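Coordinates in review
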Amino acid sequence: MAAVTDSGTAERPARLNSDALQMIVGILVIALTTFIPELAGNPYWSHTFQLVNLFIAVSILQNILLVDAGQASFGQGAIFGMAAYMVGIAFGTHEIGYAAAFLCGVLAALCGGLLFALPSLRVQGFHLGFVTLSAAIVFPEILVALNDWTNGINGISLSFSWLKEPGTLGVSPLSLMIAATGAAALILQVGLRRTVLGRRMVVAALSPEAAQSLGISPGLMRAVAFLIVAAGTGVAGALYPAVVGFVSPSAFKFDLSILFFFAIIVGGRGQPMGPIVGVWLLYLLPNILLAEFVHYRLLAYGFVTLLVVLMFPDGIVGWLEKLRVNRQRSRRDGPILHLDQLFSGREAANKEPGERSAIEVRQGYKAFGKVVALDRVDLTVREGEIHGLIGANGSGKTSLLNVLTGLSRINGGTVLVNGTDISGLPAHRISALGLGRTFQKPRIFPSLSIWGNVQIGLDGRGGDHTQPSALSIDTLRDELEGRSADWLPHGQRRLVEVMRVVLKEANILLLDEPAAGLSPDERREFANLLRNVSRRLGKTVVLVEHDLDLVWDVADRITVLDAGRVIATGTPTEVARNPAAQPLFVGSKHA
Amino acid sequence: MLEVEGVHAGYGNMPVLRDVSFSVAPGEIILIAGENGAGKSTLLRTIAGFITPDRGCVRFDGRDIAAMTPEAISRSGLRLVLDGHRVFPEMSVYDNLRLGAAAHRISAAEFRRSVDNIFSVFSILAEKRASYARDLSGGQQQMLALAQAFVAQPKVLLCDEPSLGLAQALLPPILAFLKKWAETGTAIVIVEQHIDIALSVADRAIIMERGATRLTGSPDELKQALKMKDAEPVTSGNG
Amino acid sequence: MDELAIILVRGLSTGAIFSLIAMSFNVVYSSSGVLNFAQGNMLVLGGLAAHLLLDSTSVGSWFAMLPVAAIAIGAVMTVQGYVTLLPMRFQQHSESWLISTMAVSVIIGATMLLLQGPIAREVPSVFPSFRVFGTRTPAPYALAAGLAVVWYVALRWFLRRTLTGLAISALSQDIDAARTAGLPVRRLQLLAFTISGLIIGSAGFVAAPVLTITGESGVKYVLNGFIASVVGGMGSNTGALFGGALLGVLTMMTTYHVGGEFQNLLALLLLVGVLMIRPEGIFGRSSARRV
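Because the structure is a prediction, the values reported are computed rather than measured. (Residues numbered from 1 in each chain as written. Chains lettered and ligands numbered in written order. Predicted model: local features only at pLDDT ≥ 70, side-chain atom pairs only at ≥ 80, totals over all residues. Heavy atoms only, no water.)

1. A few points about the overall build of chain C
Summing up its helical and strand segments, chain C has 11 helices and two strands in all. For chain C, the α and β elements follow one another from N to C terminus as α-α-α-α-β-β-α-α-α-α-α-α-α. Computed over the C-alpha atoms, the radius of gyration of chain C is 19 Å, within 12% of the 19 Å expected from 2.2 N^0.38 for a compact globule of 291 residues. Projected onto its principal axes, the C-alpha positions of chain C cover 55 × 45 × 35 Å. Expressed as a percentage of its 291 residues, the buried residues of chain C come to 57%. Looking at chain C alone, contacts between residues at least 24 apart form 78% of all its contacts between residues at least 6 apart. Here chain C displays about 11,400 Å² of accessible surface, and carbon together with sulfur accounts for 66% of that area. The positive charge centre, built from 16 side chains, and the negative charge centre, built from 10, are 11 Å apart in chain C. (Helix = DSSP H or I, 4+ residues; strand = E, 2+ residues; numbered from the N terminus. Rg over C-alpha atoms; globule rule 2.2 N^0.38 Å. Buried < 20%, exposed > 50% of the residue type's maximum accessible area, 1.4 Å probe, protein only. Contact = heavy atoms within 4.5 Å. Areas by Shrake-Rupley, 256 points an atom, 1.4 Å probe, with all protein chains shown as cover. Lys, Arg positive; Asp, Glu negative; His and termini not counted. Charge placed at Lys NZ, Arg CZ, Asp CG, Glu CD.)

Given below as structure tokens:
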């Protein structure tokens, strides 16, 4: 199993992204800029770069939050400030040891992260952005207001001379800690993308429904992301008083939060080197060029950001990365997935449908206001069968699918999945009962490799850590690792989604219009895949599909919905002869 | 009037239309039918400029309009009526009509004549001219959506599933209205599921399947072809 | 009782400024989905216009200069609108407005800081203060309240009666249907920016004597305007009126009972509370948009 989760062993000549390279360059830049001025004995540059690299660390962490976890927090400056002030109060005012004060600072930042995570459970996007930004605006005001602890606008002075003493190699412990923090943030960002947790964050960020269908709780992922990032930001914040020597409210105004956010945008969302380029351009460069004109700095960073948004919408590193990817793309063809990859080494067992029911809906009723979407629906899907679910637009197919996966709840009746009543269970728990689904629009995550896209299914398997029976995972991984999912044509995306669900070891597959957008050849291949999934792997398949040819070709039994009611059910021959189902053929098949 | 040639189009990475071609002449009504997901709506949205075709061209009045915005296409006289009887819900019926003509060079007198015309055909709209469009029934909203297009006096009308979500009984008066409209020289393309009713007004019909045209012909030819294929799902299921 | 009267009078009139910001937000938001982060700076610029344009305390020049200030800010926002809408044509980066409006806000704030330093510009009130329920109330508060009502009525008339206003409303009700009707979407969105500028410019001019006219104060105004707007329901002007009033009274109550320095904190808690309990706001329609 370790070999499966720990990817990235075999580097290919054409890389999916330059994460690893960027990480190494980034760590070098951070280390060199921290150590060289100090070794050269230049206190001004030493101090400047210590600060710059702290800002870079915070910005990298926010990059993780913004891109990998999809959370728009514009108030990271406040979290940074919480840690710094807590150190100021604990170490400066109460004179407890720095180590303990440091810990208090990180804890304060964690509390801040928790406060930010709370509204993220309810609102997303710019609403969340505004709430967090508001917090950043209010934060310095609170610092002033609580002057009994914070010493108001005067701030707290601290002495850290011992931390700044050059150590063994002429480098101070403070510089070491700062460089380590920056490097750790980069390693966290790049490393996280190769872990189960990181992939889950990506899935939860880009498609909460897909996350739930894979057994991932999006709310939990958000909270975890906020906390991890807050802890890192707290470490940086706790180092801040040591660099500057005092803390005051004016250091943590909302401009600081804006700087962290703008640095990501200017550098490039999601790019490890992005925040480094961003902080250098927005903070360091104006600092050098406009040293005489301190007031112009703010203006400069407004203008630089505006220009970058207009000229390089992907940010500067993002733009370079895009050039590189496009050049590589023209060099090679997109990979072709073959179904035999999934079934190689598998005995041609012919598993016939069993008698037990995998899904059982009894008198399922669902209404949206006055509109009845499901009108006392009865549906039985037997284990191992391919069950076609057909009907015109608005007949209730999607409503039924959403009820089965727990994305919406029935108002009446019962739904049993593998014998368990699912009413009241959240979607990600229902998924754990052995349910997997694909979506009308394939949920493909472009920041993951093709293998990563398949792998999130493997991640989603419950406690079961055995090799999925007879599936040649290693071959599949070798084939698909390091290949960009972004380049996949549509038909192949469908296959990736099906592979994902198969690897999840779901024993019930719900496929939502899987043939839409497939060419005739791809449809034939897809029909084959469905037969294999059912007869060789023994899985239950519920197939919602408009293409009646396909349904009649593969389905064991068919249920016809019309206006929220089941109007026919049975074998294909029975349904075709059922007079109630006739309008469907005139309306959809031939009309 | 409108010529579609070898159009391939889709949503992002998902191809929908494969090599679709057809043309409409002034005064002609063309019915486009096909199963759900066959690409009928995508075709209309591509012609109207919401989707830029990947390949092929769309010519209107001899001009290639494939790269134009939906607004510009509409102003040049090609009007799409979206499915789902979409009108502007938070304004009156009459204001909806005013907006229909707002972006076009329509004189006040012409507008009044069009509105009188509409009100004589759909008298319910005259009665409810001051009501909010959201308070109309689905059928009335569909009439309003068509009326909104009518006052703009387009040369080509694309009408996406006028019966969607409506009682079937409402379709004949709407089709009769379209028939009369076409007689004034407007080219009309209708996408409709209720093929048997819609065929009665169509001059030609196109059956789409999986993003491509499968059959094209006169209503009679099509009725023939459909009868012969009636039992197909059963046979293919057994085969 | 006296205290309650003060809180109500001051609260409602401060709230009127928040309502004006919220209404100017709404015009742009409902036509293009953009929340202009620089709206607070635009209010301050309106105040600065009053400082620059009013050299005497004559009532006549005040009335003459009010439209000048409004039009000046309207022009500034038209330019901003053009810059903001430019990258939004490429659909992938439809959230570019977030960054570009923030950047414009930073630029305006920084420019003001450069030109006048951190000291706030003072604008004397042309009109004398007066008493309401025995409370001395500076005239600009009453004027702001009056202006909020005037703009509310004017917007209602414009958006529901005039063809151009109806077209802007149409964008918020069904953008695709608006495009099929041939409405010039970009131009209408730009016009919405202009109108928003007229509202916020006139508000800044009228309220100038009670505003903090500095480069830094813009963010606090935009924060309060945003909260008023969310509380009332994004896009609803009636909501903006109520949201502003509610926030204004809450702010005054905080000042009296807790302390002025906690004003914004309480406002933030109100925001979080509303978002947790009723994210669509008091007058907002829940997901009115069609798919």
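After that view, the rundown keeps rolling.
2. Looking at the pairing of strand β5 (residues 386–390) of chain A
All names here are of chain A. Counting buried residues along β5, five of its five residues qualify, which places the element largely inside the surrounding structure. Judged by which residues are buried, β5 turns out to be covered on both faces: I386, G388 and I390 on one side and H387 and L389 on the other are all buried. Bridging between β5 and strand β10 (residues 540–544) involves four bridges; their strand directions are parallel. Its bridge partner being in β10, L389 is matched across the sheet by V544. Two elements, β5 and strand β11 (residues 557–562), share four bridges in a ladder whose sense is parallel. From the neighbouring strand, L389 faces β11, where its bridge partner is T559. (Pairing = 2+ DSSP bridges.)

3. Section: the pattern of salt bridges
Enumeration over the complete set of coordinates arrives at 32 salt bridges over all chains. Among the ionic pairs, R565 of chain A bridges to D375 of chain A, the shortest N-O distance being 3.1 Å. Of this pair, R565 of chain A sits in strand β12 (residues 565–570) while D375 of chain A is found in strand β4 (residues 371–382), placing the two residues 190 residues apart along the sequence. A relative accessible area of 43% places R565 of chain A in the partly exposed class. Between R278 of chain C and E280 of chain C there is a salt bridge; the shortest N-O distance is 3.4 Å. Put simply, R523, D547 and D549 of chain A together with R210 of chain B are held in one network by salt bridges that share partners. (Salt bridge = Lys/Arg side-chain N within 4 Å of Asp/Glu carboxyl O.)

4. Observations concerning the pairing of strand β9 (residues 508–512) of chain A
Residues and elements named next belong to chain A. Of all five residues in β9, five are buried, a share of seventy percent or more. Because side chains alternate across β9, one face comprises the buried residues I508, L510 and D512, and the other comprises L509 and L511, equally buried. Pairing geometry for strand β8 (residues 435–438) and β9, over four bridges, is parallel. Counterpart to T438 in the pairing with β9 is L511. Across five bridges, β9 lies against β10 in parallel orientation. The residue of β10 that forms the bridge with L511 is L543.

5. Focus: the environment of I422 of chain A
Residue and element names in this part refer to chain A. For I422, the location among the structural elements is in the loop between β7 (420–421) and α19 (427–432). Its relative accessible area of 5% is what places I422 among the buried residues. Residues I422 and R409, 13 residues apart in the sequence, show an inter-C-alpha distance of 9.4 Å. Residues contacting I422, with those up to four places away along its chain left out, are V403, L404, V415, V417, I430 and L433.

6. Re the side chain of R193 of chain A
All names here are of chain A. Residue placement: R193 occurs in the loop between α9 (173–192) and α10 (196–206). A polar side-chain atom of R193 sits 2.8 Å from a polar atom in the side chain of D19. Side chain to side chain, R193 and D68 meet in a polar contact 2.8 Å long. Residues within four places of R193 in sequence aside, it is in contact with D19, D68, R199, G270 and P272. (Polar contact = N/O pair within 3.5 Å; in protein donor to acceptor, adjacent residues only side chain to side chain.)

7. Considering the packing of helix α6 (residues 125–145) of chain A against helix α11 (residues 263–277) of chain C
Where α6 of chain A contacts α11 of chain C, the axes come no closer than 9 Å and their chain directions differ by 160°. By the angle class used here, α6 of chain A and α11 of chain C are roughly antiparallel. Helix-helix and strand crossings are classified by hand; for α6 of chain A and α11 of chain C the assignment is left-handed. Contacts from H127, V131, S134, A135, V138, E141 and I142 of chain A in α6 of chain A reach N264, L265, L268, L271, V272 and L275 of chain C in α11 of chain C. (Axes fitted to C-alpha atoms, helices over the stretch in contact; angles between N-to-C directions. Parallel < 35°, antiparallel > 145°, perpendicular 65-115°, else oblique. Left-handed = near helix turned anticlockwise from the far one by under 90°.)

8. A closer look at the interface of chain A and chain C
Interface extent is often summarised as the accessible area lost during association of the parts. With 38 residues of chain A at the interface, the matching set in chain C holds 36 residues. When the area that chain A buries against chain C is broken down by residue, the three leading residues are R122, F126 and F130 of chain A, summing to 18%. Taken together, the connections running from chain A to chain C amount to two salt bridges. We note a salt bridge from E141 of chain A to K220 of chain C, for which the minimum N-O separation is 3.4 Å. In this structure, the connection of chain A to chain C is made through four residue pairs in polar contact (both at pLDDT 80 or more). Mapped by element, the contributors of at least two residues to the side of chain A that touches chain C are α5 (98–120), α6, α13 (254–267) and α15 (296–311) of chain A. Here the side of chain A that touches chain C is composed, by residue class, of 28 nonpolar, five polar and five charged. (Buried area = accessible area lost by both parts, 1.4 Å probe. Nonpolar A, V, L, I, M, F, W, Y, C, P; charged D, E, K, R; others polar.)

9. Here we look at the domain arrangement of chain A
All names here are of chain A. Splitting chain A by domain gives domain 1 (14–253) and domain 2 (384–407 + 426–585). Each of domain 1 and domain 2 has a C-alpha centre, and these two points are 43 Å apart. Taken residue by residue, the interface counts 18 residues in domain 1 and 24 residues in domain 2. Of the roughly 1,700 Å² buried where domain 1 meets domain 2, counting both sides, 66% is carbon and sulfur surface. Taken together, the connections running from domain 1 to domain 2 amount to two salt bridges. In this structure, D459 and R199 form a salt bridge, with 2.8 Å as the shortest nitrogen-oxygen distance. (Domains from an automatic or database assignment.)

10. Let's talk about the sheet that holds strand β3 (residues 357–368) of chain A
Residues and elements named next belong to chain A. An order of β4-β3-β6-β7 is seen for the four strands of this open sheet, with the pairing classed as antiparallel. A strand with exactly one partner marks an edge of an open sheet, and here the two such strands are β4 and β7. Direction of pairing for β3 relative to β4: antiparallel, over a ladder of eight bridges. When the sheet's bridge partners are listed, S357 is paired in β4 with R382. Contacts from helix α18 (residues 397–405) reach β3, β4 and β6 (412–417) within the one sheet, and its direction differs from that of β4 by about 65°.

11. Brief notes about the nonpolar core
Ranked by size, the top nonpolar core spans 229 residues in total, and within it F252 and F262 of chain A together with F22 and L158 of chain B carry the most contacts. In terms of residues, this core owes the most to one element, helix α3 (residues 43–68) of chain A, which gives 12 residues. In this view, L158 of chain B contacts L2, L44, I47, A48, L78, R79, L80, V81 and V189 of chain B; residues no more than four positions away in its chain are not counted. The next biggest cluster of nonpolar side chains, apart from the first, holds 45 residues, and it includes I29, A33, I188 and L222 of chain B. (Core = buried A, V, L, I, M, F, W, Y, C linked by side-chain atoms within 4.5 Å.)

12. Describing a nonpolar patch on the surface
Residues L307, L310 and M311 of chain A together with Y82 and L86 of chain C make up a contiguous nonpolar surface patch of roughly 470 Å² in combined accessible area. As for its position among the elements, L310 of chain A is in helix α15. (Patch = residues over 30% accessible without salt bridge, like charges linked within 9 Å, V, L, I, M, F, W, Y side chains within 5 Å.)

13. With respect to the sheet that holds β11 of chain A
Residue and element names in this part refer to chain A. Spatially, β8-β9-β10-β5-β11-β12 is the arrangement adopted by the six strands of the open sheet, whose pairing is mixed. The open sheet has two edge strands, β8 and β12, and neither has a second partner. Across the sheet, the mean angle from the axis of one strand to that of its neighbour is 15°, orientation sign disregarded. Across the sheet, α18 lies against β5, β8, β9, β10 and β11, angled at about 145° from β8, the strand it touches most.

14. Here we look at the packing of helix α3 (residues 93–102) of chain B against helix α6 (residues 138–150) of chain B
All names here are of chain B. The geometry of α3 relative to α6 is characterised by a closest axis approach of 7 Å and an angle of 35° between their N-to-C directions. As for how α3 packs across α6, the hand of that crossing is right-handed. Touching V93, N96, L97 and G100 of α3 are L144, A147 and Q148, all from α6. Here the residues of the contact of α3 with α6 sort into four nonpolar, three polar and no charged.

15. Digging into the environment of L99 of chain B
All names here are of chain B. Along the chain, the position of L99 falls in helix α3. The buried category is assigned to L99, whose relative accessible area is 0%. For the pair L99 and Q148, spaced 49 residues apart in the sequence, the C-alpha separation amounts to 7.5 Å.

16. Quick look at the packing of aromatic side chains
Residue and element names in this part refer to chain A. Taken as a whole and judged by the stated rule, the model has 35 aromatic pairs over all chains. Taken together, a centroid distance of 5.8 Å and an interplanar angle of 75° make the contact between F80 and F260 edge-to-face. Of this pair, F80 sits in helix α4 (residues 76–93) while F260 sits in helix α13; the two residues are 180 residues apart in sequence, bridging distant segments of the chain. For the pair F80 and F260, a shared accessibility class is recorded, and that class is buried. Plain terms: the ring middles of Y98 and F160 are 5.1 Å apart, the flat faces sit at 75° to each other, and that makes the pair edge-to-face. With Y98 in helix α5 and F160 in the loop between β1 (156–157) and α8 (161–164), the pair connects residues that are 62 residues apart, well separated along the chain. (Phe/Tyr/Trp six-rings, centres within 6.5 Å; stacked < 30°, edge-to-face > 60°.)

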